[in-house]
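# Notes for the structure review
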Amino acid sequence: NDNGTVRAIGRCATQDLGTGAWTVCTQMTAMLTGLPMDRTRFELGDTQLPPGGVSVGSAPTTSVGQALSEAAGKLRDALHKIINDGAPSPLAGLEPAKIKLAGDRVVAIDDPGKFVMVLDLIKRSGRAYVEGMSEKSENGADDIGSDATIPWRALASLKLSFNERRMPGPNEML
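Residues numbered from 1 in each chain as written. Predicted model: local features only at pLDDT ≥ 70, side-chain atom pairs only at ≥ 80, totals over all residues. Heavy atoms only, no water.

### Things to note about the packing of aromatic side chains
Keep this limit in mind: Within 6.5 Å between ring centres, the rings of Phe, Tyr and Trp (the latter by its six-membered ring) count as paired, and their orientation is classed by plane angle as stacked under 30 degrees, edge-to-face over 60, tilted in between. As a reminder, the over-ring test applies to NZ of lysine and CZ of arginine, requiring each to be within 6 Å of the ring centre and within 35 degrees of the ring normal.
For the structure on display, the rule yields 0 aromatic pairs. The ring of Phe115 carries the charged tip of Arg105 above its face, separated from the ring centre by 3.9 Å.

In structure tokens:
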């Protein structure tokens, strides 16, 4: 809306040849962030995005799904770092594995009554978004620039952003 909303964007330079990978990856992005589908988007097909794997059978869905899951863990870790930056927080001191994304909130797994708003964390970061990115190829190399071959494995990023402009609705063109 015009007042700003937290949105999730999954990204990978994979492709959808009509097998439903785009839909599944959008659904996975929503599931991993806890945000509704109308506030979730998956971008694909751009070589400027994190590399995707090959299109064989359901390889894009499985490899990008795993990469999105890893990116969600990195996103949680980035939010955890902001939570523990010294400002008072009901989640301060908890280990990353003890918090989870739950839509507009980051909550304590053992006590969902303890939470911080994602929007507040994004603002505290000093940026328009907080991002997590999967960084391991199948052979364990730390990044794509280290002679890694990733024939069956994709990399992906997940970004939570605060948009101060109007975003298209689910039935509008981007």
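Picking up after the structure, the text goes on.
### Examining the pairing of strand E1 (residues 5-12)
The line we're drawing: Categorising residues by exposure relies on relative accessible area from a 1.4 Å probe, with only protein chains included: less than 20% of the type maximum marks a residue as buried, more than 50% marks it as exposed, and the intermediate range marks it as partly exposed. Helix and strand assignments come from DSSP, with helices taken as H or I runs of at least 4 residues and strands as E runs of at least 2, each series counted from the N terminus. A pair of strands counts as paired when DSSP detects no fewer than two bridges linking them. Crossovers are described as right-handed under a simple rule: with the strands pointing away from the observer, the path leading from the first strand over the helix to the second runs clockwise.
Counting buried positions over the 8 residues of E1 gives 7, a clear majority of the element. As judged from the 5 bridges shared by E1 and strand E2 (residues 40-44), these two strands associate in the parallel manner. Considered in E2, the bridge of Ala8 is made with Thr40. Each parallel crossover has a hand, and for E1 linked through helix H1 (residues 21-33) to E2 it is right-handed.

### Side note on the sheet that holds strand E4 (residues 105-108)
To be explicit about the condition: The axes are straight lines fitted to the C-alpha atoms, using for helices just the contacting stretch, and the angles between their N-to-C directions are given from 0 to 180°. Contacts are assigned to residue pairs that have any heavy atoms within 4.5 Å of one another.
The strand order across the open sheet built from 3 strands is E3-E4-E5, with neighbouring strands paired in antiparallel fashion. Where the open sheet ends on each side, the last strands, each with one partner, are strand E3 (99-102) and strand E5 (115-117). Geometrically, the sheet is characterised by an average inter-axis angle of 20° between neighbouring strands, direction not taken into account. Running over the sheet, helix H2 (residues 59-83) touches E3, E4 and E5 and is turned about 110° from E3. Across the face of the sheet, helix H3 (residues 118-125) comes into contact with E3, E4 and E5 while running at roughly 65° to E5.

### Details of the pattern of salt bridges
Short version of the rule: Just to be clear on terms, a salt bridge is a Lys or Arg side-chain nitrogen sitting within 4 Å of an Asp or Glu carboxyl oxygen.
One pass over the structure, following the stated rule, counts 6 salt bridges. Here Glu43 ties to Arg11 by a salt bridge, and the two come within 3.3 Å at their closest N and O atoms. Here the residue Glu43 occupies a position in strand E2, and Arg11 occupies one in strand E1, the gap between them amounting to 32 residues. It is possible to trace a salt-bridge network through shared partners that takes in Arg11, Arg41, Glu43 and Glu131.

### What about the environment of Pro36?
The topology assignment puts Pro36 in the loop between H1 and E2. In this structure Pro36 comes out as partly exposed when scored by relative accessible area, which is 38%. Taking the C-alpha atoms as reference, Pro36 lies 9.1 Å from Arg7; in sequence the two are 29 residues apart.

### Topic: the nonpolar core
Where we set the bar: The criterion is simple. A nonpolar core is a set of buried Ala, Val, Leu, Ile, Met, Phe, Trp, Tyr and Cys residues joined through side-chain atoms within 4.5 Å.
With 17 residues, the main nonpolar core has Leu79, Ile83, Leu91, Val106 and Leu121 as its most contacted residues. For this core, the secondary-structure elements that each account for two or more residues are E1, H2, E3, E4 and H3. Counting 5 residues, the second largest nonpolar core, distinct from the first, contains Cys12, Phe42, Val64 and Leu68.

### Quick look at the confidence of the model for the protein chain
Should pLDDT be low for a region, the predicted coordinates there are not to be read in detail. Put simply, the rule reads: By definition, pLDDT measures how confident the predictor is in each residue, and it falls between 0 and 100.
For the protein chain, the mean per-residue pLDDT works out to 77, and 74% of the residues sit at or above 70. Contacts of residues 137-154 to residues separated by more than four positions or lying in other chains number 43 contacts, the stretch itself having pLDDT below 50. Taken as a whole, residues 162-166 scores under 50 in pLDDT and shows 16 contacts with residues more than four places along the chain or in a different chain.

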